[in-house]
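One-letter residues, chain by chain:
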Amino acid sequence: MDKKEWLGRMLRVLLPVLPFWLLDLTLRAATDSGAYYPLYAAAPNLFSLGFGALFAALALLPPRRWGRALYGVIYAVWAVYAVVQYGVWRIFDRFLFLADFLFAGEGLDFVSYVRQLIDWRFVLVVALLVLWGVLGVRSLPEKTARRRVCPALGLFFVLTQLVAPRLYAPVPETLDWDAWESSGYEYERFSSSSYDLALTGPYQFVLRDAWLSVVPDADAAEKTAQIDAFFDERPAHQDNEMTGLLAGKNLILVQLESVDDFVLNEENTPTLARLQSEGIHFSAFYTPQYSNGYTFNTEFAAQTGIYPYANGNVAYSLSRSAFPDAMGNLFEDAGYTANSFHKSEAKFYNRGAMHQAFGYEQYYSALDYAESELQAGVDEFLIDCDELYERMVNEAPFLSFLITYSGHLGYDEIDALTTYALEQHPEYLDDSRPYEINGLFAKARLTDDMFAALLERLEADGLLDDTVICVYDDHYAYGLTDRAVLEAYSEEAGGRLLERTPCFIWYEGCTPMTVDKTLQTVDLLPTLANLFGLPAPRTMGQDAFDPAYEGYAIFPDGTWLNDKAYVKNGAVVWNEGMTDEEIAEMTAYARRFQEIGDAILDTDYYSTLE
């Protein structure tokens, strides 16, 4: 065989490898992964070429006819995966880890919304992925020395697994605040889906995610010691003038769906606006989003005082973990009856099991009582349905946790609930603003109608004087497809970040109060515990009224915000009075805060405590 013929054969063998690399490159380029890690970097490209070699070897093993079919199936699976991840990135600006695919049922609610993402960019990505697959199937050689070629391709795959991880920057010996800048450090931790896919490409992203999900935690003892040290170093909770103020009263805790700070006002939500102005208003309350399931992210954080993993798998992996200081458990220990209520079925976000872990006796789905899904999605149904309402208030003192639904995306003409909301409240049809804004405001009014009905029934039953209503939002209104419109409305409302959302506590006779300390979702549980005179929970959050707590919000990438400064990815965005040393200390603390929270979940820490 001469050199030219040998080169020709090698080229024919390598051609089926390239489509898998091109798929990876297309996905990373389309999702701006180069902003995290260069597209030309050796490690992710080596990983993808290695996997391409492995898949080509598998397709070359059987006769060409069956090999083509096998190649097509393998490629199609990855192409669908890439399209899904591209769609998720367009909505959330991040990717899904394997555990997040367990939320597929909840994803059905996004179908009408996803249609709005189909533009020339989406079509181009899909077209390129199809093109690479067709070229790959057609390029599979008719004849090849399988006994030599397939082992060689397999060996190349193994070599890439050994070589590519060593091409990342070394892990710093001292994990200071800027450790996140090390690609090796992030590859070890694998906590940021956007960064991780940029580091590895889609194939290694899935493999490493799967491996880290099953490998035992060899550092459990060390992590437990770090958690103990963290809590020992933090000042103990101090009683204050608000301690026990609401002791013995009933509590209705309501998590709003997408009622952003610019949505809650006298025009759109008159009942909520009145309660906020008459109650204790936390005006600088932020809802950092750690997991891809944004609603359950906040739900978990508010109930436990701990943020979920950045990959969002807690709903299915931690339902058997111990949360003795979670909201339901804390109130039940004080003699309360605790139940939870929402539109969706118990299987969504595994709420049936997770809410029991939080201490609630029963999770009630409106779908089990409504005549249609549309009826169940209207928040007022939770109050109008006698069977549901009676379970909320049947045994005092009670804690009833309500999760609203009416404000759920989408907000266009396709969405049935949006159409219903605008039919009920046609005053929100305003041609001078985007239709989605009209839909958002009208759906928020449906939620406000629920509060009006709730107050009316509580007063009629003689329960209003003894009942506290605490309201917080699950996330900012990310369902608006026009980001510029969202940012404009948010800025007009005075929020320093999109993640600022409403939070307030109301009860009859409350002296209006505004708390302007920077707070975050995990602070809600210890704040309520203090107000109701319950033991201070061992959580990552702190009591808003504790004079020793200065207040801050910490985000999963190490970004943090307090009353004086905002630092994003280690860079100071604005600073109104902190020294460089204080900035560095808080930045290091933000990283430690996230690592300790993850360690609590990793080790099932609370199960080891008395």
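Please refer to the structure higher up on the page.
Counting secondary structure elements, the protein chain contains 24 helices and 14 strands. For 610 residues, the compact-globule estimate of 2.2 N^0.38 gives 25 Å, and the C-alpha radius of gyration of the protein chain, at 26 Å, lies within 12% of that figure. Sorting the 610 residues of the protein chain into buried and exposed places 57% on the buried side. Considering only contacts in the protein chain between residues 6 or more positions apart, those separated by 24 or more positions represent 74%. Side-chain charges in the protein chain split into 42 positive and 88 negative, and the spacing between the mean points of these groups amounts to 18 Å.

With that settled, the discussion passes to the pattern of salt bridges. Taken as a whole and assessed by the stated rule, the structure comprises 14 salt bridges. Residue aspartate 119 pairs with arginine 90 through a salt bridge whose shortest N-O separation is 2.9 Å. Of this pair, aspartate 119 sits in the loop between helix 6 (111–114) and helix 7 (120–139) while arginine 90 is found in helix 4 (residues 64–92), placing the two residues 29 residues apart along the sequence. Among the residues examined, aspartate 119 registers a relative accessible area of 22% and is labelled partly exposed. Of the residues examined, arginine 90 reaches a relative accessible area of 17% and is grouped as buried. Here the residues in one salt-bridge network are Arg90, Asp119 and Arg121, joined through shared partners.

Side chains of strand 8 (residues 503–506) alternate between two faces, with Cys503 and Ile505 and Phe504 and Trp506 buried alike. Examined bridge by bridge, strand 2 (residues 280–282) and strand 8 share two bridges and lie antiparallel to one another. Residue pairing in the sheet places isoleucine 280 in a bridge with isoleucine 505 of strand 8. In this sheet, strand 8 lies alongside strand 7 (residues 467–473) in antiparallel orientation, the contact comprising four bridges. In the strand pairing of strand 8, isoleucine 469 is matched with tryptophan 506.

On to empty space enclosed by the protein, then. A probe matching the size of a water molecule, rolled over the atoms, marks out where space remains unfilled. Under the defined criterion, the tally for this structure stands at five cavities of 30 Å³ or more. Estimates place the volume of the largest cavity at around 60 Å³. As for the largest cavity, its lining consists of Tyr290, Ile306, Tyr307, Pro308, Met540, Phe593, Gln594, Gly597 and Asp598. For the lining of the largest cavity, the class distribution of residues is six nonpolar, two polar and one charged.

This paragraph deals with the packing of helix 19 (residues 386–393) against helix 21 (residues 435–460). Two quantities define a packed helix pair, namely the angle between the axes and the distance from one axis to the other. The geometry of helix 19 relative to helix 21 is characterised by a closest axis approach of 12 Å and an angle of 65 degrees between their N-to-C directions. Of the two elements, helix 19 crosses helix 21, and the hand of that crossing is right-handed. From helix 19, Asp386, Tyr389 and Val393 reach across to helix 21, where they touch Leu454, Arg457 and Leu458. Its residues placed into classes, the contact of helix 19 with helix 21 shows four nonpolar, no polar and two charged.

This paragraph deals with helix 19. Among all positions of helix 19, only Leu388, Tyr389, Met392 and Val393 are buried. For helix 19, the angular spread of buried residues about the axis comes to 120 degrees, placing them on one side. Buried residues along helix 19 sit against strand 4 (337–342), strand 5 (362–365), helix 18 (381–384), strand 6 (398–403) and helix 21.

A cis geometry characterises the amide bond from alanine 396 onward to proline 397, with omega recorded as -5 degrees. Put simply, leucine 409 and glycine 410 share a cis peptide bond, and its omega is 5 degrees. Within the chain, aspartate 32 stands out as a residue other than glycine whose phi angle is a positive 55 degrees. Relative to the helices and strands, aspartate 32 is located in the loop between helix 2 (18–30) and helix 3 (42–60). The exposure class assigned to aspartate 32 is partly exposed, which follows from its relative accessible area of 47%.

Scoring rules and cut-offs
- Residues numbered from 1 in each chain as written.
- Predicted model: local features only at pLDDT ≥ 70, side-chain atom pairs only at ≥ 80, totals over all residues.
- Heavy atoms only, no water.
- Helix = DSSP H or I, 4+ residues; strand = E, 2+ residues; numbered from the N terminus.
- Rg over C-alpha atoms; globule rule 2.2 N^0.38 Å.
- Buried < 20%, exposed > 50% of the residue type's maximum accessible area, 1.4 Å probe, protein only.
- Contact = heavy atoms within 4.5 Å.
- Lys, Arg positive; Asp, Glu negative; His and termini not counted.
- Charge placed at Lys NZ, Arg CZ, Asp CG, Glu CD.
- Salt bridge = Lys/Arg side-chain N within 4 Å of Asp/Glu carboxyl O.
- Pairing = 2+ DSSP bridges.
- 1 Å grid on protein atoms, 1.4 Å probe; cavity = no way out; pocket = protein on both sides within 12 Å on 5 of 7 lines; lining within 4 Å.
- Points joined across faces, edges and corners; volume = space filled by probe spheres on them.
- Nonpolar A, V, L, I, M, F, W, Y, C, P; charged D, E, K, R; others polar.
- Axes fitted to C-alpha atoms, helices over the stretch in contact; angles between N-to-C directions.
- Left-handed = near helix turned anticlockwise from the far one by under 90°.
- Arc of directions from axis to C-beta.

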